[in-house]
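Read off the chains here:
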Amino acid sequence: ASKATGYPLAFVAAKLCLGIPLTEVQNAVTKKTQACFEPSLDYIVTKIPRWDLGKFENVSKEIGSAMKSVGEVMGIGRTVEESFQKALRMVDPAIPGFQKHGKFTHSELLTELKKPTDKRVFAIAQALHEGTMTVPEIHDITKIDHWFLRRCENIVKTWKKIEGKSLEGLDENLMTEVKQRGYSDLQICTALGLPKTSEDDVRNHRKAMGIVPVTKQIDTLAAEFPADTNYLYTSYHGTENDIPAGDGGVVVLGSGAYRIGSSIEFDWCGVSAIRALRDMGKKSTMINYNPETVSTDYDECDKLYFDELSRERVLDIYERDQAEGVIISVGGQIPNNLAIPLDKANVKILGTTADMIDNAEDRNRFSAALDEIGVQQPRWKELTDVESAIEFAEEVEYPVLVRPSYVLSGAAMNVAWNPEQLKAYLTLAGEVSGDHPTVISDFIQGAIEIELDGVCKDGKFIAAAIHEHIENAGVHSGDATLVLPPQNITDYQMHRVREAGKKIAERLNITGPVNIQFVAKGSDVMCIETNLRASRSFPFVSKTMGVDFIKAATHAMVGEETDSMNLPNIDDKNNLGYVGVKAPMFSFTRLRGADPVLGVEMASTGEVACFGANKEEAFLKALLSTGFKMPEKSILMSVQDTLADEFVHSAWKLHELGYDLYATEKTKKVMDKRGVPCKLLHYPTSGKEPNVSTYIKEGKIDLTINIPTHESDRLTDNYEMRRAAVDYGVPLLTNLQLVQTFADAARLYKQGDLLGLDSKSLFQHYEDEKASDAWTDEKEFH
């Protein structure tokens, strides 16, 4: 509401709480009136949620009174049609606007309209585009107000007007109507039957007729008073710009909607970049459309465009404001994917060149580059056809990893254990990767994963931090538990990571942020991925190291010095005197039916980080910060047979700590054989008592350990066990390395060797604090 109106509700509320009346609080937009004016708008705002339900198995996709979205966008225009189409594209760059997206059968269409899911809007679009249902019929099923449905119908009517026409057939009036209805140049290509490569032809055609968007200010008083604000949007409804052209400075592209894989960590990077530019005395422009972010606070930059992160819109703003250049490497994958399109349009990309970004993102080019410079990597092959992919998988032996190009959070990345899975995953990867290649590589089982986050200038590292994952390779880096400085990596492995990092930085001539990922097993240290952008671990690394990596990257990208920043060198040992651990947060409790087990595609929706004197202390603090409760008495164990022997050591530690251990049938056999005392609980579907489900539901279990592998055959039992733990609020661990670290930490915790684990709120602290301990008088404000 604050971003939609430009009226900062919390700011004004805080002033009221301090006893300052509205008549003395200045309107931040007009800078001439007071906050006692009710906001009055001359524009329309459309907010649409972002769902990521497709990333979860068995999840119910119906939407209702329980919130399931992970983010939201805000489209601003002068009509509902314009702002609605903008907002749909903002939700996901793969959505062109209000048109068919996928294909519903008639029965699926009716079901979708009756029981809404995250795809309902596309069902309405299909019904209107195909003409199979009228507005009254859709209203009768959905109960959506006629007024809104008529706006949707207006969008479709305009599509019908231009469908099949030639580009020359779009005269000034018709082109103006199309743009005012919120259509992008790419959508116009589709409607005219032109290829996507004709986007520039459409752009040049409309510009030749003088049809370009105007820049408008967010105005809380609908032009009754002059607005004095840098809070802007673009619209095709208007003849005049509210601000003069030029003075764009450096454009920073924001992170877009929060989603699984791209959340507030990239907003932190964007804000750090614009603050660094301001500190250097440079003008900055932010383009972003997420109302939840700090980067869309208009007082953070010189100009804020609350608008689309698309090639078309960035070009509109870049050309009009005559910007010095564009930073695309701090907002995650959405701006990064614009590297080649913007470069081809002669936009100046600051930092690493677009060609080198493509060299890292294009799986085929990147793998070839690693071979060229002698950096070890898993064996790989570019997908040309399914038969050759299956031949390669049989040659290197399953499992193999399917890796599409230009994707975020491991979208469509999968581990295939047999030919049937490989065929299915290749089809999915092809759909996601589009025109970019898909690579198949040998999946290294039992390897540890290591990451190198750094900042480079002209192909040399000027700042670096190496951290490790607690979980073995196979868990997406966004879902992994990170440790910095690393505690279990050998000096030899660290040396190999540093040397490979230096070679990659030089080969790609990196200037700006970089994230390089490795897997290590035995004496092999293999590079699996390089991102020439900030990674989601940059805030964690910066806060743990006490150095702002993005500030350093921004200085490097605009050609300013970094010598005075005291940056950690890639060859430094990074002995901080403490350990930082970053742990993921999940939303499985809200996602009814979702299977809470992790893989190579990311599932977490947040993160926490804590410091400790050692890994175990920091780990347990981080785990407790996610809402995990230390088990008091009873622990349930169900571990796949091939991992059971390795798990025995952790089970014995938990037994020695005094926990009552329960196990399912196969796990109990291994525990009995190895002399670990435990009691039997029958599988959920067995119908026998004592049963796993009964014990979880009755609160008799304090921690569930369920560790499956691809060889697990009791899939339903495992799923029901995990789901019951989530549904009844029982802590759940599904990874062997996490369990091992937890057992080590629990032992130190029980011995009283760990500090700071009993967290209190500030108010609890004040209540417990003695007057003699307080550093201020109890009546004094603090």
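The structure under discussion appears in the preceding block.
Residues numbered from 1 in each chain as written. Predicted model: local features only at pLDDT ≥ 70, side-chain atom pairs only at ≥ 80, totals over all residues. Heavy atoms only, no water.

Now for the environment of L342. Relative to the assigned elements, L342 resides in helix 14 (residues 339–344). Distance from L342 to F763, taken between C-alpha atoms, is 51 Å for residues 421 residues apart in sequence. Beyond its immediate chain neighbours, meaning those up to four positions away, L342 contacts L253, R311, V314, I328, V347 and I349. (Helix = DSSP H or I, 4+ residues; strand = E, 2+ residues; numbered from the N terminus. Contact = heavy atoms within 4.5 Å.)

So, about the sheet that holds strand 14 (residues 460–472). Across the sheet, which stays open at both edges, the seven strands sit in the order 17-16-13-14-15-18-19 with antiparallel pairing between neighbours. Whereas interior strands pair on both sides, the edge strands pair on one side only; in this sheet they are strand 17 (524–531) and strand 19 (606–612). Averaged over all pairs of adjacent strands, the angle between their axes in this sheet comes to 25°, without regard to strand direction. Strand direction decides the pairing type here: strand 18 (residues 579–585) and strand 19, joined by seven bridges, are antiparallel. By the bridge assignment for strand 19, K582 is matched with A609. Sheet strands in contact with helix 20 (residues 538–545) are strand 13 (448–457), strand 14, strand 15 (482–484), strand 16 (512–521), strand 18 and strand 19, and its direction is about 30° off that of strand 15. (Pairing = 2+ DSSP bridges. Axes fitted to C-alpha atoms, helices over the stretch in contact; angles between N-to-C directions.)

Burial within helix 5 (residues 120–130) is extensive, with nine of its 11 residues counted as buried. Listed as buried for helix 5 are R120, F122, A123, I124, A125, Q126, A127, L128 and H129. On its buried face, helix 5 sits against helix 4 (106–114), helix 6 (135–142) and helix 7 (146–162). (Buried < 20%, exposed > 50% of the residue type's maximum accessible area, 1.4 Å probe, protein only.)

Let us now look at the pattern of salt bridges. When their charged atoms lie close together, side chains carrying opposite charge are able to pair. By the definition in use, this model includes 47 salt bridges. Where D727 meets R723, a salt bridge forms, and the shortest distance between an N and an O atom there is 2.9 Å. Taken together, the residues span about one helical turn, with D727 and R723 both in helix 26 (residues 715–727) at a distance of four residues. Judged by its relative accessible area of 47%, D727 is partly exposed. (Salt bridge = Lys/Arg side-chain N within 4 Å of Asp/Glu carboxyl O.)

A few words now on a nonpolar patch on the surface. A surface patch of nonpolar side chains, amounting to about 340 Å² of accessible area, comprises L762, F763 and Y766. With respect to the element layout, F763 can be found in helix 28 (residues 762–768). According to the relative accessible area criterion, F763 is exposed, its value standing at 65%. (Patch = residues over 30% accessible without salt bridge, like charges linked within 9 Å, V, L, I, M, F, W, Y side chains within 5 Å. Areas by Shrake-Rupley, 256 points an atom, 1.4 Å probe, with all protein chains shown as cover.)

Counting residues in each nonpolar core, the largest one holds 137 residues, and the members touching the most others are F98, L253, L452, F461, F518 and F549. Among all residues touching L253, those that are not within four sequence positions of it are M286, I287, L309, V314, V326, I327, I328, V330, G331, P335, L338 and L342. V579, A618, M671 and I705 belong to the second largest nonpolar core, which has 44 residues in total. (Core = buried A, V, L, I, M, F, W, Y, C linked by side-chain atoms within 4.5 Å.)

This next bit is on the side chain of N154. Within the secondary structure, N154 is located in helix 7. Classification of N154 by relative accessible area gives buried; the value is 17%. Look past the residues within four positions of N154 in its chain and what remains in contact with it is E81 and R181.

Taken together, D385, E387, E391, E394 and E395 make up a surface patch of like negative charges. Examined against the element boundaries, E387 turns out to sit in helix 17 (residues 386–396). A relative accessible area of 55% means that E387 is categorised as exposed. (Lys, Arg positive; Asp, Glu negative; His and termini not counted. Charge placed at Lys NZ, Arg CZ, Asp CG, Glu CD.)

One can describe the packing of helix 10 (residues 199–208) onto helix 12 (residues 311–321) by two numbers: an axis separation of 12 Å at closest approach and a directional angle of 45°. By the angle between their axes, helix 10 is oblique relative to helix 12. For the crossing formed where helix 10 meets helix 12, the hand is right-handed. Here E199, D200, R203, R206 and K207 of helix 10 lie close against helix 12, whose contacting residues are R311, E312, L315, D316 and E319. Here the residues of the contact of helix 10 with helix 12 sort into one nonpolar, no polar and nine charged. (Parallel < 35°, antiparallel > 145°, perpendicular 65-115°, else oblique. Left-handed = near helix turned anticlockwise from the far one by under 90°. Nonpolar A, V, L, I, M, F, W, Y, C, P; charged D, E, K, R; others polar.)

Turning our attention to the pairing of strand 12 (residues 439–442). Strand direction decides the pairing type here: strand 9 (residues 380–382) and strand 12, joined by three bridges, are antiparallel. Residue E382 lies in a different strand from strand 12, and its bridge partner there is V439. Relative to strand 12, strand 10 (residues 400–403) runs antiparallel, the two being bridged by four bridges. If you follow R403 over to strand 12, its bridge partner there is V439.

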